[in-house]
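Survey of secondary and tertiary structure
What follows is the residue order along each chain.
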Amino acid sequence: MIRNTSGGYGRVAIVFHWTMALLILAMLALGLYMTSLPPTDPETFRLYQLHKSIGFVVLTLAVLRLAWRLVNPSPKLPDGMKAIEKLAAHLGHAGLYAFLFAMPITGWLMASASPWGIPTIVFDVLPVPHLPVPEALGTQAEAEAIFKLLHEYGAYLLMALIVAHAAAALKHHFIARDDTLRRMLSTAPARAKI
């Protein structure tokens, strides 16, 4: 199944989910590692450029994923869920989507505001222009510090949201024993409940 059904996810949604999950986990790990390196190390510069490049891939995939989501609604939640659990699920998914956009954009704004003026060239091939930074944020260094703070704390909030998301999936699988996790691993439930 390419498209979602009321009972399960199609292949496109599954590929989007796991591709982005791997990219985001890699980005979080890379971000933690590269910020621990001395800023003068040449390896640090290379890793920052890689981080920015992957960030643009994540942003592009986020746009495509949201477009797919808008024309291809998600399957319904399990019937046995309480109203508060359904609300938490909807808020958690909305939060994840928000971070898929917020993290790359705050990173892009941080690079744009940097007084260093280092160009962003995705994978050393595609130049990306800097975004305009509002003058109300002060000097370039002050604006960069604001976006750096948003990006850094956003990363920690995203990590917490990912842990909650994974815990909820495991709770569905091992405690509620429903198909929530299975339908993100295979299209078989989608085929069975058309």
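Residues numbered from 1 in each chain as written. Predicted model: local features only at pLDDT ≥ 70, side-chain atom pairs only at ≥ 80, totals over all residues. Heavy atoms only, no water.

**Things to note about helix α1 (residues 11-34)**
The following threshold applies: Under the DSSP-based scheme used, a helix requires at least four consecutive residues in state H or I and a strand at least two consecutive residues in state E, with every element numbered from the N terminus. Helix span, as expected, comes to 1.5 Å for every residue beyond the first. Each residue gets one of three labels from its accessible area relative to the maximum for its type: buried under 20%, exposed over 50%, partly exposed in between, using a 1.4 Å probe on protein chains only. We call two residues in contact whenever any of their non-hydrogen atoms come within 4.5 Å of each other.
End to end, α1 covers 34 Å across 24 residues, agreeing with the expected 34 Å (1.5 Å per residue, within 8%). Every buried residue belonging to α1 is among Ala13, Ile14, Phe16, His17, Met20, Ile24, Met27, Leu28, Leu30, Gly31 and Met34, and all of these are buried. Looking at the buried residues of α1, the elements they touch are α2 (42-71), α3 (83-113) and α4 (140-176).

**Side note on the side chain of threonine 44**
Here is the rule: Whenever a nitrogen or oxygen atom comes within 3.5 Å of another N or O atom, the pair is scored as a polar contact, on the condition that within protein one atom can donate a hydrogen and the other can accept it, and that pairs from neighbouring residues in sequence are kept only if both atoms are in side chains.
Within the fold, threonine 44 resides in helix α2. Here proline 38 takes part through its backbone oxygen, which lies 2.8 Å from a polar atom of the side chain of threonine 44. For threonine 44, the residues in contact, after removing those within four places along its chain, are Met34, Leu37, Pro38 and Pro39.

**A closer look at the confidence of the model for the chain**
Keep this limit in mind: Note: pLDDT gives the predictor's confidence per residue, expressed from 0 to 100.
With 97% of its residues at a pLDDT of at least 70, the chain reaches an overall mean of 95. Mean pLDDT across the elements of the chain ranges from a minimum in helix α5 (residues 188-192), with 64, to a maximum in α1, with 98.

**Let's talk about the UniProt feature "transmembrane region" (unreviewed entry) in the chain**
Definition in use: UniProt positions are given in the numbering used here, feature names are shortened, and annotations may be inferred rather than shown by experiment.
Under the local residue numbering, the UniProt record ascribes the feature "transmembrane region" (unreviewed entry) to residues 12-33, 53-71, 91-111 and 153-174. End-to-end, the C-alpha atoms of residues 53-71 are 28 Å apart, and along that stretch the chain is 100% helix and 0% strand. Helix makes up 100% of residues 91-111 and strand 0%, whereas the separation of the span's terminal C-alpha atoms amounts to 30 Å.

**Overview of the packing of α1 against α2**
Helix packing for two helices is described by the angle between their axes and how far apart those axes are. Which entries qualify depends on this criterion: Convention adopted: a line fitted to C-alpha atoms gives each axis, helices being fitted over their contacting stretch, and angles between N-to-C directions are expressed from 0 to 180 degrees. Note on terminology: angles under 35 degrees are roughly parallel, angles over 145 are roughly antiparallel, angles of 65 to 115 are roughly perpendicular, and the others are oblique. Note on convention: near helix rotated counterclockwise from far helix by under a right angle means a left-handed crossing. Clockwise means right-handed. The residue classification treats Ala, Val, Leu, Ile, Met, Phe, Trp, Tyr, Cys and Pro as nonpolar and Asp, Glu, Lys and Arg as charged. All others, Gly included, are polar.
Following both chains from N to C, one finds α1 and α2 inclined at 155°, their axes separated by 10 Å at the closest point. Judged on the interaxial angle alone, α2 and α1 are roughly antiparallel. Relative to α2, the crossing made by α1 is left-handed. Counted by class, the contact of α1 with α2 contains 20 nonpolar, 6 polar and 1 charged residues.

**A closer look at the nonpolar core**
Quick note on the threshold: By nonpolar core we mean a set of buried residues, namely Ala, Val, Leu, Ile, Met, Phe, Trp, Tyr and Cys, connected to one another through side-chain atoms within 4.5 Å.
Among the nonpolar cores identified, the biggest contains 21 residues, and Met20, Ile24, Leu100 and Leu158 are the most heavily contacted of them. Looking at this core, the elements with two or more residues in it are α1, α2, α3 and α4. A per-element tally of this core places α1 first, with 7 residues. For isoleucine 24, the residues in contact, after removing those within four places along its chain, are Val58, Leu100, Leu158 and Ile162.

**Considering the pattern of salt bridges**
To keep things clear, this is the line we draw: By definition, a salt bridge exists where a carboxyl oxygen of Asp or Glu is found within 4 Å of a side-chain nitrogen of Lys or Arg.
Under the defined criterion, the tally for this structure stands at 4 salt bridges. Where glutamate 43 meets arginine 46, a salt bridge forms, and the shortest distance between an N and an O atom there is 2.7 Å. In this pair, glutamate 43 and arginine 46 are both assigned in helix α2, 3 residues apart and thus about one turn of the helix distant.

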